[in-house]
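A look at the structure
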Amino acid sequence: MADPIHQFEIKNIVSLGEIGGAEIAFTNSAAFMFATVATIFLFLVLATQGRTLIPGRWQSLAELSYEFVATTVRQSAGNEGMRFFPLIFSLFMFVLVANLFGMLPYAFTVTSHIIITFGLAAIVILTVILYGFFNHGAGFLKILVPQGIPMVLLPLVVGIEIISFLSRPISLSVRLFANMLAGHITLKVFAGFVAGLSGIGALGVAGAALPLALTVALTGFEFFVAFIQAYVFTLLTCLYLNDALHPGH
Amino acid sequence: MEAEAAKFLGAGLATLGMGGAAIGVANIFSSYLAGALRNPSAADGQFARLIFGFAVTEALGIFSLLVALLLLFAV
């Protein structure tokens, strides 16, 4: 059976030399990130090129993605949250298109590497912390002290809130990474069953129909997961930014 | 017991935690469905809360997967 981990291997395309013993190279991961950004850029620029009052197909698609993210931001972070709209929209489109790129056969899934998703989560959490302290000063620490808690329970609750705040970047990054990694490995394993079974003769080919049907169903499910995980990342970003905007709960 | 064998056993045991997350996620969606069937007009407005609850619950299952991956590849 083909190695299910092989698809996540990072290969150098062009080596750019060494800095302090670590190799710097243009990898397939970087190439797919460039492709992701180029796709988003071309889609949004071309779709809004000939702006009309009654939108065509491409323009409605661009308007739909704008309205979708804008509604999420307004509902979960309020109207002040719209000042972060460029950041949130970029994150949503990048994660969504990178996830969908991974669904192409032989393509590399950028978001299946923890360092990429942790980088994205670090941007979000650092924005929350810096903006929170910059705007509210020490008052930002109020997010660790929920209102209406009896004094006896307060030390315990503050401890839990601190742990929950510290685990945010981990859960935000690991959720996206683990979902993409596990989904693609599952697909590869079931596809491997098809190849393995059809190698053992006529009976095997008949039996391979079952994992084949499951592979098709799982592929459809993976498209759904790709969208849901991009939405979850965006939604949690909005909720964390809401803490920085209104720390008093 | 060899250290290598204990590592694999530990990773296998850590994945059991994901069963708890499975119960939690199923609970969220079943409650949502039950509520949505009672009052379909209010269901769409709660989609963001549904996904938020799902994400927070799922995070705990992801942590046990993380422990399994750390045992396999980092310890």
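Residues numbered from 1 in each chain as written. Chains lettered and ligands numbered in written order. Predicted model: local features only at pLDDT ≥ 70, side-chain atom pairs only at ≥ 80, totals over all residues.

**Side note on the overall build of chain B**
What chain B contains, in helices and strands, is 4 helices and 0 strands. In chain B, the succession of helices and strands from N to C terminus is α-α-α-α. Taken over the C-alpha trace, chain B has a radius of gyration of 17 Å; the compact-globule value for 75 residues is 11 Å, which it surpasses by more than 25%. Overall, chain B is about 60 × 15 × 10 Å in size when its C-alpha atoms are taken along their principal axes. (Helix = DSSP H or I, 4+ residues; strand = E, 2+ residues; numbered from the N terminus. Rg over C-alpha atoms; globule rule 2.2 N^0.38 Å.)

**Describing the UniProt feature "domain: V-ATPase proteolipid subunit C-like" (unreviewed entry) in chain B**
Within this numbering scheme, the UniProt entry marks residues 9-71 of chain B as carrying the feature "domain: V-ATPase proteolipid subunit C-like" (unreviewed entry). In this annotation, residues 9-71 of chain B is assigned 90% helix and 0% strand; the end-to-end C-alpha distance for the span is 10 Å. (UniProt positions renumbered as here; feature names shortened; annotations may be inferred.)

**Quick look at the interface of chain B and chain A**
Taken together, the contact between chain B and chain A spans 9 residues of the former and 12 residues of the latter. For the side of chain B that touches chain A, the residue count by class is 8 nonpolar, no polar and 1 charged. (Contact = placed C-beta atoms within 7 Å. Nonpolar A, V, L, I, M, F, W, Y, C, P; charged D, E, K, R; others polar.)

**Description of the UniProt feature "transmembrane region" (unreviewed entry) in chain B**
Using the residue numbers shown here, the UniProt feature "transmembrane region" (unreviewed entry) corresponds to residues 6-29 and 50-74 of chain B. Helix makes up 96% of residues 50-74 of chain B and strand 0%, with an end-to-end C-alpha separation of 34 Å.

**A look at helix H5 (residues 154-198) of chain A**
One turn of the α-helix equals 3.6 residues, which is why residues spaced by three or four share an orientation. Between its terminal C-alpha atoms H5 of chain A stretches 63 Å, which fits the 66 Å expected from 45 residues at 1.5 Å a residue. In H5 of chain A, a bend of some 40 degrees at Ser167 of chain A exceeds every other bend along the element, and Pro169 of chain A, a proline, comes one to four places later. (Expected span 1.5 Å × (residues − 1). Bend = angle between axes of the 7 residues up to and from the residue.)

**With respect to the nonpolar core**
Core analysis: the biggest nonpolar cluster contains 47 residues, and Ile88, Phe92, Val95 and Phe233 of chain A have the highest contact counts within it. Where this core is concerned, the elements lending two or more residues are helix H2 (57-77), helix H3 (85-101), helix H4 (114-136), H5 and helix H7 (209-245) of chain A together with helix H4 (47-73) of chain B. Per-element tally for this core: the top contributor is H7 of chain A, with 11 residues. (Core = buried A, V, L, I, M, F, W, Y, C linked by C-beta atoms within 7 Å. Buried ≥ 20, exposed ≤ 12 C-beta atoms within 10 Å, placed from the backbone.)

**Let's talk about the environment of Val145 of chain A**
On the secondary structure map, Val145 of chain A appears in the loop between H4 and H5. As for Val145 of chain A and Leu245 of chain A, which are separated by 100 residues in sequence, their C-alpha atoms are 16 Å apart.

**Quick look at the confidence of the model for chain A**
The predicted model of chain A averages 89 in pLDDT, with 99% of residues at 70 or higher. Within chain A, H3 of chain A carries the highest mean pLDDT (95), whereas strand E1 (residues 12-19) of chain A carries the lowest (83). (pLDDT = per-residue confidence, 0-100.)

**Here's the deal with the pairing of strand E2 (residues 22-27) of chain A**
Residues and elements named next belong to chain A. Counting buried residues in E2 gives 0 out of 6 residues, a small share hidden from the surface. Examined bridge by bridge, E1 and E2 share 5 bridges and lie antiparallel to one another. Within E2, the residue paired with Glu18 across the bridge is Glu23. Between the end of E1 and the start of E2, which pair antiparallel, lie 2 residues, with Gly20 showing a positive phi angle near 55 degrees. (Pairing = 2+ DSSP bridges.)

**Observations concerning the packing of H2 of chain A against H7 of chain A**
All names here are of chain A. Remark: H2 packs on H7, axes separated minimally by 9 Å, with the N-to-C direction vectors making an angle of 40 degrees. By the criterion of interaxial angle, the relationship of H2 to H7 is oblique. Once H2 is placed against H7, the crossing between them reads as right-handed. The segment H2 lies against H7, with Val69, Thr72, Val73, Ser76 and Ala77 engaging Thr234, Leu235, Cys238, Leu239, Leu241, Asn242 and Leu245. (Axes fitted to C-alpha atoms, helices over the stretch in contact; angles between N-to-C directions. Parallel < 35°, antiparallel > 145°, perpendicular 65-115°, else oblique. Left-handed = near helix turned anticlockwise from the far one by under 90°.)

**Side note on the environment of Lys142 of chain A**
Residue and element names in this part refer to chain A. Along the chain, the position of Lys142 falls in the loop between H4 and H5. Lys142 sits 21 residues away from Ile163 along the chain, and the two C-alpha atoms are 15 Å apart. Once residues lying within four places of it in the same chain are set aside, the contact partners of Lys142 are Pro247 and Gly248.

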